[in-house]
Amino acid sequence: MPSVNLKKVLLKTEVKPLWQGIIHTLSLPIAITDHRGQSLSSYLDLAAMEIDETMPKMSIAIDDEILGWIIGDGEIEKLEQVANLINFIVRREYECKSLAADALDKYREISLLYTIASKMSVCLDVKEIANLVIEEASRLIKCTSASVMLYDPETNTLKIKAAKGTALDQKLELAPHEGVAGHVFKNAKPELLNNAMEDPRYIDQGNPCYGLICAPICAKENVLGVVNISNSTQVNYTSQDLKLFTALVTQASGAIENAILHTNKLQEERIKNNLERYLSPQVAQAVINAEDEVTLTTNKRKIAMLFSDIRNFTTKCEELEPERLVAYLNEYFTEMVDVIFSQQGTVNKFVGDMIVAMFGAPAAIADREYCAISAAVLMQQRLRSFPNAWIRDNFITGIGISSGDVIVGNIGSPQHMDYTAIGDEMNIASRLQGMAQGGQILVTRSVYEAAIAKFTFREFGTLPVKGKKNLVEIFEVIY
């Protein structure tokens with residue numbers, strides 16, 4: 001509530017003639033005192049008048065606050081007219097001051113939000129934003145301690161993310177219903193306490209706490225945490241303090257939410273990148289997108305299978321140190337995997353120097369046989385122009401491709417599972433790879449028939465397969 005000085009109001013140039021004029025018109029002997037009863041007559045150019053306790057007097061007041069008294073020596077009606085005029089003048093002064101105070105508060109609030117927004121717009125680190133909130137709150141509102149607590153869904157607790165003052169020594173973790181902070185988090189409504197230690201929800205941490213303000217950090221759909229400021233000395237926080245503090249926390253909420261989303265996005269990218277080191281991108285994405293726990297489920301699907309193996313690899317192993325050989329293999333695998341991925345393939349596994357790839361799982365591909373042959377041709381062509389001369393001269397591969405129905409899915413145990421395929425066609429593709437000479441690509445009739453319009457083939461022969469009556473026809477891709 002703005003303070004009003006009665007003497008200063010009545011001495012204002014535009015005000016003094018008004019009340020003096022009515023006193024002169026009414027010919028009313030009058031005295032004016034302040035709220036303590038001290039006479040203001042000599043300051044206001046009023047004639048000195050002996051004041052008797054029996055004289056009628058009327059208050060000059062704003063609401064219930066007494067600013068002074070008007071004491072008269074005459075008719076009550078005349079005294080009321082003077083009192084009404086002066087009270088009107090005082091109320092107008094109070095209203096003007098209130099409007100000015102509201103305007104100043106609005107300016108401070110807008111300035112605060114602009115400053116906070118400017119500082120936080122370039123920040124995507126949660127801890128840095130939390131420290132900015134504490135810094136701005138401490139600058140605006142007197143406090144000896146402040147903290148930002150964020151909700152951790154893994155432990156179902158509120159944990160201190162940043163702090164100053166006595167809060168630095170606290171290792172406090174609260175459940176969403178514990179303490180004042182827990183209740184503010186749960187109810188999503190700010191609270192102001194000027195007798196915090198007397199509140200039954202208050203948790204004593206060994207430091208005195210009198211004034212306390214706590215506000216929730218509210219996102220679009222949920223509450224992310226709370227911000228606390230407190231004072232270890234006697235202080236009376238006001239509703240204006242609560243208003244400014246809540247405005248600050250509200251402004252910070254969006255920045256904190258964005259920072260948390262950014263952090264989660266980076267974490268997801270790290271997980272995805274790490275998964276893709278062990279799984280193909282399609283399988284990794286399927287694992288990430290799974291809404292429930294990944295299970296040991298399988299299904300029958302038509303796919304094309306590609307097996308690629310380096311000829312005479314065991315002999316090559318004897319020519320190099322193990323470290324150098326592994327480095328060459330990794331270089332070779334990097335290029336081959338890049339080709340397979342470019343043709344929508346999924347790398348199923350590496351077995352020594354052998355690469356096993358699938359086309360049509362986990363995502364279905366209409367032209368799976370075409371993609372498999374394209375990958376095989378590109379793999380052979382890339383090896384012929386490989387930048388590493390030793391790899392170019394020594395890593396000569398044979399490739400076998402088959403297509404048909406196989407069982408595809410997560411196979412293994414709940415503790416460890418592989419996304420793979422099982423079936424006769426997988427075995428046939430492996431057999432074809434074993435038959436292929438260096439640089440050859442051998443395929444089954446099903447692959448040949450699906451891709452005959454786009455590639456050139458020649459008949460290669462037949463392959464007996466255990467458990468099958470008919471021989472498997474084999475074709476070589478001419479490229």
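Structure's up top.
Bear in mind that the values here come from a model prediction, so they are computed numbers and not experimental data. (Residues numbered from 1 in each chain as written. Predicted model: local features only at pLDDT ≥ 70, side-chain atom pairs only at ≥ 80, totals over all residues. Heavy atoms only, no water.)

Colleague: Sorry if this is basic, but what is going on with the packing of aromatic side chains here?
Modeller: Applying the stated criterion across every chain, the model contains 10 aromatic pairs. Taken together, a centroid distance of 6.2 Å and an interplanar angle of 65 degrees make the contact between Phe313 and Phe395 edge-to-face. Here Phe313, found in helix α8 (residues 313-317), pairs with Phe395, found in the loop between α11 (389-394) and β13 (397-412); they are 82 residues apart in sequence, far enough to count as distant. Here the two residues Phe313 and Phe395 agree in accessibility, since each one is buried. Consider the rings of Tyr332 and Phe395, whose centres lie 5.4 Å apart with planes at 90 degrees: the pair is edge-to-face. Of this pair, Tyr332 sits in helix α9 (residues 322-342) while Phe395 is found in the loop between α11 and β13, placing the two residues 63 residues apart along the sequence. For the residue pair Tyr332 and Phe395, the accessibility class agrees, reading buried in each case. Ring pairs connect the aromatic residues Phe313, Tyr328, Tyr332, Phe333, Phe350, Trp390 and Phe395, which therefore count as one cluster. The ring of Trp69 carries Lys57 above its face, with NZ or CZ at 4.4 Å from the centroid. One cation-aromatic arrangement involves Lys454 over Tyr370; the distance from NZ or CZ to the ring centre is 4.6 Å. (Phe/Tyr/Trp six-rings, centres within 6.5 Å; stacked < 30°, edge-to-face > 60°. Helix = DSSP H or I, 4+ residues; strand = E, 2+ residues; numbered from the N terminus. Buried < 20%, exposed > 50% of the residue type's maximum accessible area, 1.4 Å probe, protein only. Lys NZ or Arg CZ within 6 Å of the ring centre and 35° of its normal.)

Colleague: Can you walk me through the side chain of Thr420 in this structure?
Modeller: If you trace the backbone, Thr420 turns up in strand β14 (residues 417-422). Judged by relative accessible area, which is 12%, Thr420 ranks as buried. Within the structure, Thr420 has its side chain in polar contact with the side chain of Asn348 (distance 3.1 Å). (Polar contact = N/O pair within 3.5 Å; in protein donor to acceptor, adjacent residues only side chain to side chain.)

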